Amino acid sequence: MAEPTPETRSLGALQPGDVAVAGSRLILTRWVAGGLVVGLTAAVVRLLRLPLPEGPLYVTGSVILIYNAILTWLARRVDHAPPEIHLRRVRRFVMLQVALDWIAMSVFLHLTGGITSPAIPMFVIHMLMVTILLPGQSSYIYVALGTLALGSIGILEQTGVLSHHAVIPALPPDLHRDPIYILAQVAFFATAAFATVHLATLVMARLRERDRQLEALLQTAQAVSSTLSLSDVWNKLARSAARALSCSKASIRVLDETGERIPMVAACGLSEAYQNKGEVVISKSPLDREALSGKPVIVRHAPADPRIQFPQEVAAEGIGSILVVPIPGRLGPLGVLRVYAEQADRFGPDDIEFVLAVARQGAVAMENAMAHDSLQRADRARAQFVRTVTHELRAPLGGAQSLLRVMLRGMTGDLGPQQRDILSRVSTRLDSLMDLINDLLALAASKTVEFQDVPSRQTLQPVLRKAVDLHTQEANEKQIRLRLHMPPESLEVLAAAEGLAQVFGNLVGNAVKYTPNSGRVDVTLTRQASCALIEVADTGMGIPAGDLPHLWEEFFRATNARHSNIPGTGLGLSIVKRLVETFGGSVRVTSVEGRGTTFAVSLPLLDEA
Ligand code: ADP
């Protein structure tokens, strides 16, 4: 999108919508005006008995209403014009309306007494309306045309070319012939009209500027809060600040950890050469020092300002003036926001306030992004730590387990019943410990992107077959009927192989583990529109309803599982949920305590290529 130029900005940046609104307001007001001309003429003639030229005034009022009807019809056609010619047409249409009004107003003035007409202020009111609806230089032209019309009517009536309608009997009959009176009326009219239009133009320009600033602030807030990535926040902030001030260049500089340097982290509209012009050291940059102390700085003539560290580069970049404001963090300044303009002396106090508001928005978003960043780093560091520790624990534990198994198999000599019992119990404890270590490892891996395999095309059938095979022996030992139901067509998803195996290994393992002897476990794969649905249903102990909402939390175990002697860590399901969501799927559970549980995993299917 093209940046608005500073010129359009000083004229109040008229938008297509504004012109359209102006057109429809004028039409609406004209219905009232036309009606009033007819209605008031009748009232004034009947009630006040003033000698108004009744017939011509009725005609004038009716003509106003008729041309307004035609304009209303035309407005509908303009509305349906294609966008590229819409604005041009709307502008011309509004100009046509103002021109017609100017003629109607002149006729009305003439009919109500010309230079002595009590209705002269109505002309000024119409001018005010045009100024409010269409700010810019056209209103001044309209003042000139209005004055011309009044002056012409005055002269034409004075010279007798036009007949004069004396509508107020109390006025001297020759007043309209008095050149001094005519001159005074025209001069006061011109002054009043010019002053009114000028003041209204100033007020409207300011109001429109405020409007634009509010919109820019809102856009900034939306843009910078739409991301948690710090570099995105910087880039969006630079762009928003430049756009908000109708400039094309802006940059963000952020204090480094030493607090001595302030490197540029984002730029908008600046050349590569300028961005790489050299390091800005705070001790050598009075400009940034001042801004960082909380005071916004305006550099009015940038290339000649002694506070500028790289004047040649500034001149080569075509920078005339710079506005520097601090980006205020909660605990101190985070950096500075600079906006550059081509013209010298371009920024004023209003701009400072506004850019400060933009910088404050940016500061909040930057701090959020930084907090998010450090949380993620802490999470990664924790996962890395868990991974290292558990790795170190696994090897000696595995060794101890093998040695125990050798002893329990009697390969180191016969064991007495008591020795066998103690060693079996130690072995069971070591198994639980190994489970915990494995779960912790899997949890650390599921949280750390670097530890995860790259997702690839996976066919679900073999993955489910493997998960079921893995637990068949345990199911057989408990006389559990473990069945797998799958469609013949192969269903494929995008997932990491190890992660997928972990998800179904966990769910099938839990189903067998929490189902008492002689129960049933059914693993079913079906296609559901564009997803694969995998249900693992058992007839086991179930989960108390009150525990269901906490099931996916790390280390959570349901009360009935905790009270039974079934070992567990409470980590498996949190890993399952995290992994399934990484693959773009979802997992649900339904359970009735004492009756059984069903876990349903839904994964998006890959399109058959
Ligand atoms: P673990 O099984 O190691 O305790 P999980 O995270 O896999 O940890 O499961 C969390 C809890 O959810 C379990 O402790 C158990 O209370 C409950 N649970 C999971 N699967 C089942 C199931 N199929 N039947 C009954 N309860 C289950």
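The structure we're discussing is the one just above.
Caption draft 1: Representation of the sheet that holds strand β1 (residues 249-254) within the structure. Read from one edge to the other, the open sheet built from five strands follows the order β2-β1-β5-β4-β3, with strand pairing classed as antiparallel. Each edge of the sheet is formed by a strand with only one pairing partner; in this case those strands are β2 (264-268) and β3 (297-299). In this sheet, neighbouring strand axes are inclined to one another by 15 degrees on average, regardless of whether the strands run parallel or antiparallel. Pairing between β1 and β2: four bridges, direction antiparallel. Pairing of Ser 251 across the sheet is with Ala 267, part of β2.

Caption draft 2: Representation of the side chain of Arg 253. Among the structural elements, Arg 253 can be located in strand β1. In this structure the side chain of Arg 253 is engaged in a polar contact, spanning 2.9 Å, whose partner is the backbone oxygen of Ile 262. Arg 253 has contacts with Ile 262, Pro 263, Met 264, Lys 277, Val 280, Leu 334, Gly 335, Val 336 and Arg 338, leaving out every residue within four places of it along the chain.

Caption draft 3: Region of the structure containing the layout of surface pockets. Approximately 1200 Å³ is the volume attributed to the largest pocket. Taken together, 40 residues make up the lining of the largest pocket; nearest its centre are Asp 439, Asn 506, Gly 509, Asn 510 and Lys 513.

Caption draft 4: How the structure looks around the site of the ligand. Taken together, 20 residues form the shell around the ligand, and within it Asn 510, Tyr 514, Arg 557, Thr 569 and Leu 573 come nearest. Within the backbone of Ala 558, a nitrogen or oxygen atom sits 2.9 Å from an oxygen atom of the ligand. Within the complex, the protein chains bury 98% of what would otherwise be the 530 Å² of accessible surface of the ligand. Spatially, the ligand is embedded in the largest pocket. Where the shell around the ligand is concerned, the elements lending two or more residues are α16 (497-513), α18 (572-582) and β12 (596-604). Considering every element that reaches the shell around the ligand, the biggest residue donor is α16, with three residues. Classifying every residue of the shell around the ligand gives ten nonpolar, seven polar and three charged.

Caption draft 5: Looking closely at the sheet that holds strand β11 (residues 586-592). Spatially, the five strands line up as an open sheet ordered β7-β9-β10-β12-β11, and their pairing is mixed. Among the strands making up the open sheet, the edge pair consists of β7 (481-485) and β11. Taking each pair of neighbouring strands and ignoring which way they run, the sheet shows an average axis angle of 10 degrees. Pairing of strand β10 (residues 531-538) with β12, which is carried by eight bridges, proceeds in the antiparallel orientation. Along β12, the bridge assignment pairs Leu 533 with Ser 602. Most of the contacts of α18 go to β12, to which it runs at about 25 degrees, and overall it touches β11 and β12.

Caption draft 6: Region of the structure containing the pattern of salt bridges. For the structure shown, the criterion picks out 21 salt bridges. Here Arg 382 and Asp 379 are joined by a salt bridge, their closest N and O atoms 2.9 Å apart. In this pair, Arg 382 and Asp 379 are both assigned in helix α12 (residues 349-408), three residues apart and thus about one turn of the helix distant. Relative accessible area serves as the criterion here: at 46%, Arg 382 is assigned to the partly exposed category. We classify Asp 379 as partly exposed; its relative accessible area is 28%. Within the structure, one salt-bridge network assembled from shared partners comprises Glu 290, Asp 305 and Arg 307.

Caption draft 7: Main features of the packing of aromatic side chains. Per the counting criterion, the structure on display carries five aromatic pairs. Taking the centre distance of 6.3 Å and the plane angle of 65 degrees together, the rings of Phe 123 and Tyr 142 count as edge-to-face. Of this pair, Phe 123 sits in helix α5 (residues 120-133) while Tyr 142 sits in helix α6 (residues 138-158), placing them 19 residues apart in sequence. Per residue, the accessibility class of Phe 123 equals that of Tyr 142, and both read buried. Taken together, the ring pairs in this structure connect Phe 123, Tyr 142 and Phe 189 into an aromatic cluster. Its end group placed over the ring of Tyr 274, Lys 277 keeps NZ or CZ at 4.3 Å from the ring centre. A cation sits over an aromatic face here: Lys 577 above Trp 552, 5.7 Å from the ring centre.

Caption draft 8: A look at the state of the cysteines. Evaluated as defined, the whole model comprises zero disulfides. Looking at the unpaired Cys 247, the closest cysteine sulfur is the one in Cys 268, lying at 9.7 Å. With a relative accessible area of 13%, Cys 268 lands in the buried category.

Caption draft 9: Quick peek at the pairing of β11. Of the two faces of β11, the one holding Val 587, Val 589 and Ser 591 is buried and the one holding Ser 586, Arg 588, Thr 590 and Val 592 is not buried anywhere. Between β11 and β12, which pair antiparallel and follow one another directly, the connecting turn spans three residues, one of which, Gly 594, has a positive phi of 85 degrees.

Caption draft 10: Quick look at the side chain of Asp 101. Counting through the fold element by element, Asp 101 comes out in helix α4 (residues 83-111). A polar contact is formed between the side chain of Asp 101 and the side chain of Arg 30, at a distance of 2.7 Å. Side-chain polar atoms of Asp 101 contact the side chain of Tyr 67, separated by 2.6 Å. Sequence-distant contacts of Asp 101, that is, excluding residues within four places in its chain, are made with Leu 26, Arg 30, Tyr 67 and His 126.

Caption draft 11: Fine view of α5. Taking 1.5 Å per residue, 14 residues should reach 20 Å; α5 reaches 21 Å between its end C-alpha atoms and fits that length. Among all positions in α5, only Ile 120, Phe 123, Val 124, His 126, Met 127, Val 130, Thr 131 and Leu 133 are buried.

Caption draft 12: A look at a positive patch on the surface. There is a patch of like positive charges on the surface, built from Arg 77, Arg 88, Arg 89 and Arg 92. Tallying contributions element by element places α4 first for the positive patch, with three residues. Assignment of secondary structure puts Arg 88 in helix α4.

Caption draft 13: Layout of empty space enclosed by the protein. Going through the model one piece at a time under the given rule, you end up with two cavities of 30 Å³ or more. For the largest cavity, the calculated volume is near 90 Å³. Lining the largest cavity are 13 residues, and of these Leu 287, Ile 308, Gln 309, Phe 310 and Arg 338 sit closest to its centre. Looking at the lining of the largest cavity, its residues break down into seven nonpolar, two polar and four charged. Considering only enclosed or pocket space, the second largest cavity measures out at about 60 Å³ in volume. Every residue along the wall of the second largest cavity is listed here: Thr 116, His 164, Ala 166, Val 167, Ile 168, Leu 171, Pro 172, Pro 173, Leu 175 and His 176. The class makeup of the residues in the lining of the second largest cavity is seven nonpolar, three polar and no charged.

Reading the values: the criteria
Chains are numbered independently. Their residues run from 1 in the order of the written sequence. Predicted model: local features are reported for residues with pLDDT of at least 70 only, side-chain atom pairs are reported and counted for 80 or more only, and whole-chain, interface and lining totals are derived from all residues. To obtain the side-chain values, all non-hydrogen atoms of the structure were included, while hydrogens and water were left out. Note: two strands are recorded as paired if DSSP finds a minimum of 2 bridges between them. The helix count covers DSSP runs of H or I at least four residues long, the strand count covers runs of E at least two residues long, and both are numbered beginning at the N terminus. Inter-axis angles, ranging from 0 to 180 degrees, are taken between N-to-C directions of lines fitted to C-alpha atoms, where helices are fitted over the stretch in contact. Nitrogen and oxygen atoms within 3.5 Å of one another constitute a polar contact, given that in protein one can donate a hydrogen and the other can accept it, and given that sequence-neighbouring residues count only through two side-chain atoms. Contacts: residue pairs with any heavy atoms within 4.5 Å of one another. With a 1 Å grid laid over protein atoms only, a set of points is called a cavity when a 1.4 Å probe fits there but cannot get out and a pocket when it is open yet has protein on both sides within 12 Å along at least five of seven lines; lining residues have an atom within 4 Å of a point. Grid points are joined across faces, edges and corners, and a volume is the space filled by probe spheres set on the points. To be near a molecule or strand, a residue needs just one of its heavy atoms within 4 Å of it. In these tables, accessible area is a Shrake-Rupley quantity obtained with a 1.4 Å probe, and a residue counts as shielded only by the protein chains included in the view. Think of it this way: a molecule belongs to a cavity or pocket when more than half its atoms come within 2 Å of the grid points there. For this scheme, ten residues count as nonpolar: Ala, Val, Leu, Ile, Met, Phe, Trp, Tyr, Cys and Pro. Four count as charged, namely Asp, Glu, Lys and Arg, and the remainder, Gly too, count as polar. Definition used for salt bridges: Asp or Glu carboxyl oxygen within 4 Å of a side-chain nitrogen of Lys or Arg. Any residue under 20% of the maximum accessible area for its type is buried, any over 50% is exposed, and the rest in between are partly exposed; the area is computed with a 1.4 Å probe on protein chains only. Each pair of aromatic rings taken from Phe, Tyr and Trp, with Trp reduced to its six-membered ring, is defined by centres within 6.5 Å and is described as stacked if the planes are under 30 degrees apart, edge-to-face if over 60, and tilted in the remaining cases. Only lysine NZ and arginine CZ atoms are considered, and such an atom sits over a ring when it is within 6 Å of the ring centre and within 35 degrees of the ring normal. In this description, the term disulfide denotes a pair of cysteine sulfurs within 2.5 Å. To estimate the expected span of a helix, count its residues, drop one, and scale the result by 1.5 Å. Here the term patch refers to residues with relative accessible area over 30% and no salt bridge, with like charges joined within 9 Å and nonpolar side chains (Val, Leu, Ile, Met, Phe, Trp, Tyr) within 5 Å. Neither His nor the chain ends is counted toward charge; the positive residues are Lys and Arg and the negative residues Asp and Glu. A charge is said to be at NZ when it belongs to Lys, at CZ for Arg, at CG for Asp and at CD for Glu.

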